[in-house]
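This is what each chain is made of:
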Amino acid sequence: WGARRATDAVTEEWRGKTWDSQRLSALGAWEMTWGKLLGSTAFAWYGALPCLVVVALAWPPDWGYSASAVLASAVCGAVGMQAVALITSLTAARKGLLTRTRGLWVLPLLLGFSGLGSQLSTLFNLGVVWWGQHWDGVYFLLASAMLWAAWAVFGAYRLMCQELQVRTTPWAWTAFLLFLTGYLTGFAVQLHERQWGFLGLLTGLLLSGALTYLMLFSEQTGALVLRRVWVRVQRQEWRRVLEELPCWPVSLLLATVCALLLLLTPPPSGLDLVEDVRDIRLVPLPLLLFLYRDTAIFLGFSFSQSPRRVEATTLLYLGLLYGIVPGVGWMMGATLLRTLVLPPVFTQPVFASAVLAVHLLLALSLMAYRWRQSFGVARL
């Protein structure tokens, strides 16, 4: 209920034509964030707080779990989920989707509860091995919930800054990417085996690549946005470049750095991530080319003179490239067609890199054509 109310905090204002007047009020981004987050969910907390009191009073004394730790984890998890719901609503407002979209509050619920029941049970019973150290499950869950709630609230605040036209630089997104990389790497790393360097870079590549797609589809990414950035670069106004820069180039840059460092980092012995991998050190290169190609395809559609349904069109073409055309080639026995559309990254990374380089050139050609079509041939 709280997640739904947090989503409706901006949705109802947008549909009631009162959001613009609130943006012009004297409230700052921090006050506006907490006002929407706490004000919209107040009645949900009115129902939750008495339940928390009853649970605390009726907690069995012979249970091995601490009542305060479990209840604090529940509260932090609820705050984090509601903040993610507010982020979803603000993102939809910036993309202009609130007039057509219903049920946005389901997204944070799916994000928070999909497949987590058994994992939380394992945390309570067995504990966690993180960065080579064993941590008590209850307190690790509490610390994680506190961190995720803090990041979610801070993310909602940064989006509110953008909505209120407060100039910000993408340092917060960079810090979140580095934090998330370190957090996830800790579950796979055993420090005594000295695997943390390779696994950290691999986690950074996969995570940054996935979040590049997420930010491409959730941010305002068009020709005018990148045109403003390019004008600031030409004027050498570097701080304004960072202020105009979307978050997806930051994720793309981090993925590029991780991929290049992986090419120079020897993999740990005995690490079998995928069967039949001939040279795992070269696998990051075609993965990076996939990311660049898909980004260029998205930008090519978004650079059109009258972009419409850019996200849906991009998803359609990516579905053709990743699923439909290779599937048809497999059914028809056309191996060459399948490998040219979806090259074997793990078994033949060199061949895959060559094929994807051609894909990237075609996608860049489309992007350059659409850019010239949007702004003509005038030079600054």
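See the structure printed just above.
What counts, and at which threshold
Residues numbered from 1 in each chain as written. Predicted model: local features only at pLDDT ≥ 70, side-chain atom pairs only at ≥ 80, totals over all residues. Heavy atoms only, no water. Salt bridge = Lys/Arg side-chain N within 4 Å of Asp/Glu carboxyl O. Helix = DSSP H or I, 4+ residues; strand = E, 2+ residues; numbered from the N terminus. Buried < 20%, exposed > 50% of the residue type's maximum accessible area, 1.4 Å probe, protein only. Axes fitted to C-alpha atoms, helices over the stretch in contact; angles between N-to-C directions. Parallel < 35°, antiparallel > 145°, perpendicular 65-115°, else oblique. Left-handed = near helix turned anticlockwise from the far one by under 90°. Contact = heavy atoms within 4.5 Å. Nonpolar A, V, L, I, M, F, W, Y, C, P; charged D, E, K, R; others polar. Core = buried A, V, L, I, M, F, W, Y, C linked by side-chain atoms within 4.5 Å. Expected span 1.5 Å × (residues − 1). Arc of directions from axis to C-beta. Phe/Tyr/Trp six-rings, centres within 6.5 Å; stacked < 30°, edge-to-face > 60°. Polar contact = N/O pair within 3.5 Å; in protein donor to acceptor, adjacent residues only side chain to side chain.

Draft legend 1. Fine view of the pattern of salt bridges. Counted according to the given criterion, the structure contains seven salt bridges. Among the ionic pairs, aspartate 8 bridges to arginine 5, the shortest N-O distance being 3.6 Å. You can see aspartate 8 and its partner arginine 5 sitting in helix α1 (residues 2-15), three residues apart, about one turn around the helix. Arginine 5 sits in the partly exposed class, given a relative accessible area of 25%.

Draft legend 2. Main features of the packing of helix α9 (residues 171-188) against helix α10 (residues 196-218). The N-to-C vectors of α9 and α10 enclose an angle of 130 degrees; their axes lie 9 Å apart at closest approach. The angle between the axes of α9 and α10 places the two elements in the oblique class. Where α9 crosses over α10, the two elements pack in a sense that is right-handed. For the pair α9 and α10, contact is made by Trp173, Leu177, Leu180, Thr181, Leu184, Thr185 and Ala188 and by Trp196, Leu199, Gly200, Thr203, Gly204, Leu207, Leu211 and Met215, respectively. Of the residues contributing to the contact of α9 with α10, the split by class is 10 nonpolar, five polar and no charged.

Draft legend 3. Region of interest: the nonpolar core. Of all hydrophobic cores here, the largest spans 41 residues; its most connected members are Trp173, Trp248 and Leu299. Mapped by element, the contributors of at least two residues to this core are α9, α10, α11 (223-234), α13 (248-264), α14 (284-302), α15 (310-332) and α17 (349-375). In terms of nonpolar packing, the next biggest core, distinct from the first, is built from 17 residues, Ala9, Trp19, Leu86 and Met160 among them.

Draft legend 4. Here's a closer look at helix α3 (residues 29-40). Taking 1.5 Å per residue, 12 residues should reach 16 Å; α3 reaches 16 Å between its end C-alpha atoms and fits that length. Those residues of α3 lying buried are Ala29, Met32, Thr33, Lys36, Leu37 and Ser40. For α3, the buried positions fall inside an angular range of 120 degrees around the axis, keeping them on one side. Where the residues of α3 are buried, they touch α1, α2 (19-23), α4 (42-57), α5 (67-95) and α8 (137-163).

Draft legend 5. Examining the environment of alanine 156 more closely. By the secondary structure assignment, alanine 156 is in helix α8. Between the C-alpha atom of alanine 156 and that of leucine 37, which follows or precedes it by 119 residues, the distance is 9.1 Å. Not counting the four nearest positions on each side in its chain, alanine 156 is found in contact with Thr33, Ala83, Leu86, Ile87 and Leu90.

Draft legend 6. Focus on the packing of aromatic side chains. Taken as a whole and judged by the stated rule, the model has 24 aromatic pairs. Seen in terms of ring centroids, phenylalanine 179 and tyrosine 183 are 5.9 Å apart; in terms of plane orientation they differ by 35 degrees. Their pairing is tilted. Here the residue phenylalanine 179 and the residue tyrosine 183 both occupy positions in helix α9, the gap between them amounting to four residues, near one helical turn. Both residues of the pair, phenylalanine 179 and tyrosine 183, belong to the buried class. Plain terms: the ring middles of phenylalanine 290 and tyrosine 322 are 5.6 Å apart, the flat faces sit at 35 degrees to each other, and that makes the pair tilted. You can see phenylalanine 290 sitting in helix α14 and its partner tyrosine 322 sitting in helix α15, a full 32 residues away along the chain. In this structure phenylalanine 290 comes out as buried when scored by relative accessible area, which is 8%.

Draft legend 7. A look at the side chain of threonine 256. Positionally, threonine 256 belongs in helix α13. A distance of 2.6 Å separates polar atoms of two side chains, one belonging to threonine 256 and the other to tyrosine 292.

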